[in-house]
Amino acid sequence: MSGSDTDRHGGEEGSRVVVVGKGGVGKSTVTALLCRLLARRGEAVVAVDADEQMNLGAALGFASEELAKVTPLALDAGYVEEKTGARPGEGAGAMLRLNPDVADVVERLALPGPDGVRLLVMGSVQRAGGGCLCPENSLLAATVRSMRLRRHEVVVMDTHAGVEHFGRAVARGFDQAVVMVDPTFNGVQVGARTARLAADLGITSLHLVVNRVRRAGDLERALDYLGRADAAGALDFSSVRELPYDEKALDGEPSVAGLLGESALGDAVGRLAHDLVAGLAADRDGDASCAP
Ligand SMILES: Nc1ncnc2c1ncn2[C@@H]1O[C@H](COP(=O)(O)OP(=O)(O)O)[C@@H](O)[C@H]1O
Ligand SMILES: [Mg+2]
């Protein structure tokens, strides 16, 4: 489990988490809750919105006047060109710096918000099966990989559906994936496919989250669908948990702020947040105990 350059953290502290799953399954809600709760636990959180719907900021509870100030990275033609040598949409024909230096990306483009969560909006990212060589994608890959993770720094990326659009270059930057499903056949099918891709792309820690659980048996049903989708049993989840259906999610739309106090959903996502960073603590201890 150690020694390769895709190894988690690569000697750094912190973690990069990508949230994947079928549309409507609750990715943005859970990403926003995770970010706010991790920040309240003392982590320095960068929330990356890689869905072209760009609704993570509103879910995080940013005011709309604040969000109006956001420059999506992919639409910042000057920044994209400065960093990659090509303008957005120019494609692989242009001379492209494949490893742009984006050490300043968070400072330049991220917007600080509630609980100190910094929001980085990617804007429209080109979709291409194997991950295209367009400058926006090249920049996204470099951004994810270059965020220096100090102790207690966590990057959480919300996606349109999964990592398949981004390809290996972007996915390699993540060490954990939260695979979200709901207790429906389709939701689980999409989740299983996405989880397999994430694993193939080298994401080592997969967390299965069954959202919108309303009654006893929902979790079991989802796991049964998963067994059918993954008959070979190839998927190896580090954790499996359910999140309850919570009316409060609808009351506060689009912000998750109302779920942060006492709420069944907020409490359950808090336990997921704990798992995501508890793994880090274990790794740190593991690293220390492996020292000669
Ligand atoms: N556990 C839950 N209980 C009730 N409603 C939920 C829950 N999770 C998400 N929702 C609601 O479902 C809708 C879709 O969620 P969203 O996070 O936007 O999904 P996605 O980002 O995957 O498309 C939103 O209206 C959200 O408030
Ligand atoms: Mg969403």
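Let me begin by describing the structure that accompanies this report.

The rules behind the values
Residues numbered from 1 in each chain as written. Chains lettered and ligands numbered in written order. Predicted model: local features only at pLDDT ≥ 70, side-chain atom pairs only at ≥ 80, totals over all residues. Heavy atoms only, no water. Helix = DSSP H or I, 4+ residues; strand = E, 2+ residues; numbered from the N terminus. Buried < 20%, exposed > 50% of the residue type's maximum accessible area, 1.4 Å probe, protein only. Lys, Arg positive; Asp, Glu negative; His and termini not counted. Salt bridge = Lys/Arg side-chain N within 4 Å of Asp/Glu carboxyl O. Polar contact = N/O pair within 3.5 Å; in protein donor to acceptor, adjacent residues only side chain to side chain. Near = heavy atom within 4 Å. Areas by Shrake-Rupley, 256 points an atom, 1.4 Å probe, with all protein chains shown as cover. 1 Å grid on protein atoms, 1.4 Å probe; cavity = no way out; pocket = protein on both sides within 12 Å on 5 of 7 lines; lining within 4 Å. Sits in = over half its atoms within 2 Å of the grid points. Nonpolar A, V, L, I, M, F, W, Y, C, P; charged D, E, K, R; others polar. Points joined across faces, edges and corners; volume = space filled by probe spheres on them. Pairing = 2+ DSSP bridges.

**Topic: the side chain of D158**
So, point 1. With respect to the helices and strands, D158 occurs in strand β5 (residues 153-159).
So, point 2. No salt bridge is formed by the buried D158. Its closest oppositely charged neighbour is K27, at 5.8 Å.
So, point 3. Within polar-contact distance, the side chain of D158 engages the side chain of S28 at 2.6 Å.

**Some remarks on the site of ligand 1**
So, point 1. Taken together, 17 residues sit near ligand 1, with G24, K27, T29, R212 and E253 positioned nearest.
So, point 2. Separating an oxygen atom of ligand 1 from a backbone N or O atom of G26 is a distance of 3.0 Å.
So, point 3. In isolation ligand 1 exposes 570 Å². Once the protein is present, 83% of that is buried.
So, point 4. In this structure, ligand 1 is accommodated by the largest pocket.
So, point 5. For the shell around ligand 1, the elements supplying multiple residues, two or more each, are α1 (27-40), β7 (205-213) and α10 (248-251).
So, point 6. Looking at which element gives the most residues to the shell around ligand 1, the answer is α1, with three residues.
So, point 7. Here the residues of the shell around ligand 1 are counted per class, giving six nonpolar, six polar and five charged.

**Brief notes about the layout of surface pockets**
Rolled over the atoms, a probe as big as a water molecule pinpoints where empty space is left.
So, point 1. Of the volumes computed, that of the largest pocket is approximately 550 Å³.
So, point 2. Along the wall of the largest pocket there are 27 residues; nearest its centre are G26, S28, T29, R212 and E253.
So, point 3. Going through the elements one at a time, α1, β5, β7 and α10 are the ones with two or more residues in the lining of the largest pocket.
So, point 4. Broken down by element, the lining of the largest pocket gets its largest block of residues, three residues, from α1.
So, point 5. Partitioning the lining of the largest pocket into residue classes produces ten nonpolar, eleven polar and six charged.

**Some words on the pattern of salt bridges**
So, point 1. Inspection of the entire model under this criterion finds 14 salt bridges.
So, point 2. Where D104 meets K83, a salt bridge forms, and the shortest distance between an N and an O atom there is 3.4 Å. Separated by 21 residues along the polypeptide, D104 in the loop between α4 (77-84) and α5 (105-109) and K83 in helix α4 bring together distant segments of the chain.
So, point 3. For D104, a relative accessible area of 22% puts it in the partly exposed group.
So, point 4. Across the pair D104 and R108 runs a salt bridge, and its minimum N-O distance is 3.2 Å.

**Let's talk about the pairing of strand β4 (residues 118-121)**
So, point 1. As judged from the four bridges shared by strand β2 (residues 44-50) and β4, these two strands associate in the parallel manner. Paired with V46 across the two strands is R118, which belongs to β4.
So, point 2. Of the strand pairs in this sheet, strand β3 (residues 111-112) and β4 are connected by two bridges, and their pairing is antiparallel. Bridge assignment links L111 to a residue of β4, and that residue is L119.
So, point 3. Connecting β3 to the next strand, β4, in antiparallel fashion are five residues, including D115 with a positive phi near 60°.

Nothing here speaks to function; it is all geometry.
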